[in-house]
Amino acid sequence: QVQVVESGGGLVQPGGSLRLSCVASGSIISIIYMGWYRQAPGQKRELVAGISSTSSTYYADSVKGRFTISSDNAKNTVYLLMNSLKPEDTAIYYCNVNVRIAGNDLVHNYWGQGTQVTVSS
């Protein structure tokens, strides 16, 4: 059993910043990948940024240059620093992890509950 918990969302003005955190816990042997997705009202869920256990990163074109994903492997934690926020960044942000768990050599996928980010003046 693995738990994934996001935090750090809130209401900010355009141009402001937020840092989201995602902590994975439980019987984790190793984390293969952690990513941030977002879903705005009426929109499909989209991948925003991802990071591997070796710190290889991916960013959606819409956030390149503004968002930075990072990880603390010792804490099983991934962060998303969001700068220069725009109203179109408003969405629920979800953390997704691929992990190997104790007693099972398969890769398992888990989602967090989401954290709301609202960018508005």
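Summarised in this report is the structure supplied together with it. (Residues numbered from 1 in each chain as written. Predicted model: local features only at pLDDT ≥ 70, side-chain atom pairs only at ≥ 80, totals over all residues. Heavy atoms only, no water.)

What follows concerns the state of the cysteines. Per the stated rule, a full pass over the model turns up one disulfide. Each disulfide pairs two cysteine sulfurs, and for C22 the partner residue is C95, the sulfurs being separated by 2.0 Å. Negative torsions about the S-S bond denote left-handed disulfides, and the value of about -85° found for C22 with C95 makes this one left-handed. Of the two residues, C22 sits in strand 3 (residues 18-26) while C95 sits in strand 9 (residues 91-101), which places them 73 residues apart along the sequence. Taken as a pair, C22 and C95 share a single burial class, namely buried. (Disulfide = S-S within 2.5 Å. Helix = DSSP H or I, 4+ residues; strand = E, 2+ residues; numbered from the N terminus. Buried < 20%, exposed > 50% of the residue type's maximum accessible area, 1.4 Å probe, protein only.)

On to the packing of aromatic side chains, then. Between two aromatic rings, the relevant description is the distance of the centres plus the angle of the planes. What the rule picks out here adds up to two aromatic pairs. A centroid spacing of 6.5 Å and a plane angle of 85° characterise the contact between Y94 and W111, whose relative ring orientation is edge-to-face. One end of the pair, Y94, is in strand 9; the other, W111, is in strand 10 (residues 107-111), and 17 residues separate them in sequence. The exposure class assigned to W111 is partly exposed, which follows from its relative accessible area of 38%. The rings of Y37, Y94 and W111 are connected pair by pair, giving a single aromatic cluster. In this arrangement the basic side chain of R45 is found over the ring face of Y94, its NZ or CZ atom lying 3.8 Å from the centre. Sitting over the ring of W111, R45 keeps its end group 4.7 Å from the ring centre. (Phe/Tyr/Trp six-rings, centres within 6.5 Å; stacked < 30°, edge-to-face > 60°. Lys NZ or Arg CZ within 6 Å of the ring centre and 35° of its normal.)

The next subject is the side chain of S21. Relative to the helices and strands, S21 is located in strand 3. The class for S21 is buried, based on a relative accessible area of 14%. Dropping the residues within four chain positions of it, S21 is found in contact with V5, E6, S7, W36, V78 and Y79. (Contact = heavy atoms within 4.5 Å.)

Strand order across the open sheet formed by four strands is 1-3-8-7, with antiparallel pairing between neighbours. In this open sheet, the two strands that pair with only one neighbour each are strand 1 (2-7) and strand 7 (67-72). Averaged over neighbouring strand pairs, the angle between their axes works out to 15° when direction is ignored. As judged from the six bridges shared by strand 1 and strand 3, these two strands associate in the antiparallel manner. By the bridge assignment for strand 3, V5 is matched with V23. (Pairing = 2+ DSSP bridges. Axes fitted to C-alpha atoms, helices over the stretch in contact; angles between N-to-C directions.)

No statement about biological role is implied by the geometric values presented.
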